[in-house]
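# Survey of secondary and tertiary structure
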Amino acid sequence: MSQTPTKCDVGFIWSSSLEKFDFGRRHPIRVGRFQMVRDFLDETQFLEQPNVCVIEPKRMPEDLLSQVHSQTYLDQVKRISETGEGEIDVDTPGFKGIYENASIASGGTVSGVKAILDGRIKHFLSPTGGFHHAMYERGGGFCIFNDVAAAVYMLKSQGVNKILVADFDVHHGNGTQRYFYKDPDVMVISFHLDPEWMYPHDGFIHDIGEGPSRGHNINMHFPMDAGDAVYGFAFDEIVPPLIDWFQPEFILFLPGFDAHYLDRLANMTLTTTMIRYVASEIHDAAHKWASGRLGVLSGGGYHPDAFRWGVGEVMSILSGHPYDAPPQEPPFEDDEETWEIVRSNVSEVKRLVFPELGIE
Ligand SMILES: [Zn+2]
Ligand SMILES: [Zn+2]
């Protein structure tokens, strides 16, 4: 298939004002985290590629924000923002200006979606996007405003009616799941660490959606220290049949940078080889079904090397510019016990979900 040459295929969502997003120097999201990604993309020459451009994030439109969050919650964030006092939740401290900052960090996702719908780009990557824990009436887990939900609402208002959220962040996207649990226009696939002992303690396999959306909410979870081998197996068994059945018109994708073995905020042992594989499959699916329309929201990623390498692999898939992360040695190989649990979880997902959709 020949592709029409365009000036820019891939938008990198960036503004230096994102650097003011700061939960404090002891927090995983601190000043420097986003600038580091920007510097890395400069060093690796991604931003010099003719098909890559920088897109300035705009604040999230207020009407969209009040669709995504309750007025009570928005007022609470405003109060914290004015005084710098108070917190969103125990993991998510407040700071002065948090309202405006969160509005830009999340608004970047909406800016990216708009640029795709306007035909200016095919894909975008937002290093600040992916606030999947935020819910209608409250934020939490480092998330203030749910940009995934905002993007979906925006897309639906523009007549895009089949949206896939492919969430490979190591933590379950409990906020996103909640917004679309009964909405058959949205398929949410989440791969994450076992919710029994990992935040946010939600995202069980048997939560498959409600009413007309049964089978549209897919949770696959992994035991501690699961690595590339079992992850790739689960992906191949579960994801392609679902995408081919759903035939999405737009894909929002969180690559799972915090599932890397160096990232110790959680306990999975992926390498960037698997992150690249997943990104490549999702990118192919976007071209197959959605005219290439793909928005990448970085989500978590708290180890500087793992985060940068992951972004490099994903940008390489999106832009075609070559990049190889350094060789990596995870501390464990998937053992027989890990394989047993994963095989059993995969069977359970398929047993519960596939018949609802009529997938053989
Ligand atoms: Zn995460
Ligand atoms: Zn592409």
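Quick notes on the rules
- Residues numbered from 1 in each chain as written.
- Chains lettered and ligands numbered in written order.
- Predicted model: local features only at pLDDT ≥ 70, side-chain atom pairs only at ≥ 80, totals over all residues.
- Heavy atoms only, no water.
- Helix = DSSP H or I, 4+ residues; strand = E, 2+ residues; numbered from the N terminus.
- Rg over C-alpha atoms; globule rule 2.2 N^0.38 Å.
- Buried < 20%, exposed > 50% of the residue type's maximum accessible area, 1.4 Å probe, protein only.
- Contact = heavy atoms within 4.5 Å.
- Areas by Shrake-Rupley, 256 points an atom, 1.4 Å probe, with all protein chains shown as cover.
- Lys, Arg positive; Asp, Glu negative; His and termini not counted.
- Charge placed at Lys NZ, Arg CZ, Asp CG, Glu CD.
- Core = buried A, V, L, I, M, F, W, Y, C linked by side-chain atoms within 4.5 Å.
- Donors = N, O, S within 2.8 Å, 3.2 Å for Na, K, Ca; no water.
- Axes fitted to C-alpha atoms, helices over the stretch in contact; angles between N-to-C directions.
- Parallel < 35°, antiparallel > 145°, perpendicular 65-115°, else oblique.
- Left-handed = near helix turned anticlockwise from the far one by under 90°.

## Observations concerning the overall build of the protein chain
Each helix and strand in the protein chain was counted, giving ten helices and ten strands. In summary, the protein chain has a C-alpha radius of gyration of 19 Å against a globular reference of 21 Å for 360 residues, a match within 12%. Its C-alpha atoms give the protein chain principal-axis dimensions of roughly 50 × 45 × 45 Å. Of all 360 residues assigned to the protein chain, the portion counted as buried reaches 61%. A separation of at least 24 residues holds for 77% of the contacts in the protein chain among residues at least 6 apart in sequence. Surface accessibility of the protein chain: about 14200 Å² in total, with carbon and sulfur atoms responsible for 49%. Distance between charge centroids for the protein chain: 8 Å, based on 29 positive and 52 negative side chains.

## Brief notes about the nonpolar core
Counting 74 residues, the largest nonpolar core has F168, F191, F222, L242, F253 and I282 as the members making the most contacts within it. It is helix α7 (residues 228-246) that contributes the most residues to this core, nine residues altogether. With 42 residues, the next largest nonpolar core counts L64, I80, V152 and V186 among its residues.

## Points about the coordination of the zinc ion (ligand 2)
Under perfect tetrahedral coordination by four donors, a metal shows angles of 109.5 degrees; under perfect octahedral coordination by six donors, it shows angles of 90 or 180 degrees. Coordination of the zinc ion (ligand 2) by the protein comes from H123 (NE2), H283 (NE2) and H287 (NE2), over a distance range of 2.1 to 2.2 Å. Mapped onto the sequence, the residues coordinating the zinc ion (ligand 2) show the spacing H-x159-H-x3-H. Placement of the pair is H123 in strand β5 (residues 123-126) and H283 in helix α8 (residues 272-289), with a sequence separation of 160 residues. When sorted by exposure, H123 lands in the same class as H283, which is buried.

## Some thoughts on the packing of α8 against helix α9 (residues 304-319)
Angle between the axes and distance between the axes are the two parameters that describe a pair of packed helices. In the contact formed by α8 and α9, the axes pass within 9 Å of each other and the chain directions differ by 30°. Looking at the two axes, α8 sits roughly parallel to α9. Crossing geometry of α8 relative to α9 is assigned as right-handed. Across the interface between the two elements, T272, I275, R276, A279, S280 and H283 of α8 pack against W309, G310, E313, V314, S316, I317 and L318 of α9.

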